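# Descriptive structure summary
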Amino acid sequence: MSSFMTKAILDFFIAFGIVLGGAMIGGIGAVISLQPPTQTMLDVSDRIKIWALAAAVGGTIDPMRVIESNFFDGNLSPAIKQILYLLFAFLGAHMGSELVKWVCGGSRG
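Just so it is clear, the structure is predicted and the values come from calculations on it, not from any experiment.

Of the regular secondary structure elements, the chain holds five helices and zero strands. The N-to-C order of helical and strand elements in the chain reads α-α-α-α-α. Along the three orthogonal principal directions, the C-alpha set of the chain runs to about 55 × 25 × 25 Å. When the 109 residues of the chain are sorted by exposure, 33% land in the buried category.

Here it is, written out as structure tokens:
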């Protein structure tokens, strides 16, 4: 498998795992602190998505620098790859959040 697809798949599953794991551990913390775990898991999964995206791609500034420097130098291929890495990480974080919503009994009203 190409290194691009390998990194894209890893970014997807890292973001997915961060959201899913954070929500599950947050739910355990809610039970310990006598809070409703379902609501806590839903809140955590929504709040942690952006952090999962940043962690999956390796930071918040470096990917943007790669996009900016390559795009303005006329090298579109590295910039497009970086945008696709961000997209895969976003999809992983979003799917993790949707799975938590599904497990917790649907969407919030």
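What follows is about the UniProt feature "transmembrane region" (unreviewed entry) in the chain. The UniProt record annotates "transmembrane region" (unreviewed entry) at residues 12–34 and 83–104. Structurally, residues 12–34 is divided into 91% helix and 0% strand, and its ends, taken at the C-alpha atoms, are 33 Å apart. Across residues 83–104, helical content stands at 95% and strand content at 0%; the span's end C-alpha atoms are separated by 31 Å.

Within the secondary structure, K49 is located in helix 3 (residues 49–57). For the buried K49, which has no salt bridge, the nearest side chain bearing the opposite charge is D46, at an N-O separation of 4.9 Å. Those residues within four positions of K49 in sequence are excluded, and the remaining contacts are V19, A93, H94 and S97.

What follows concerns the environment of A23. One can find A23 in helix 1 (residues 3–32). Sequence separation between A23 and M41 is 18 residues, and the spatial gap between their C-alpha atoms is 4.7 Å. Those residues in contact with A23 that sit more than four places away from it in its chain are M41, V44, S45 and V100.

This part covers the environment of M64. Position of M64 relative to the elements: it lies in helix 4 (residues 62–73). A relative accessible area of 47% means that M64 is categorised as partly exposed. Between the C-alpha atoms of M64 and L86, which are 22 residues apart in sequence, the distance is 9.9 Å.

About the criteria used
- Residues numbered from 1 in each chain as written.
- Predicted model: local features only at pLDDT ≥ 70, side-chain atom pairs only at ≥ 80, totals over all residues.
- Heavy atoms only, no water.
- Helix = DSSP H or I, 4+ residues; strand = E, 2+ residues; numbered from the N terminus.
- Buried < 20%, exposed > 50% of the residue type's maximum accessible area, 1.4 Å probe, protein only.
- UniProt positions renumbered as here; feature names shortened; annotations may be inferred.
- Lys, Arg positive; Asp, Glu negative; His and termini not counted.
- Salt bridge = Lys/Arg side-chain N within 4 Å of Asp/Glu carboxyl O.
- Contact = heavy atoms within 4.5 Å.

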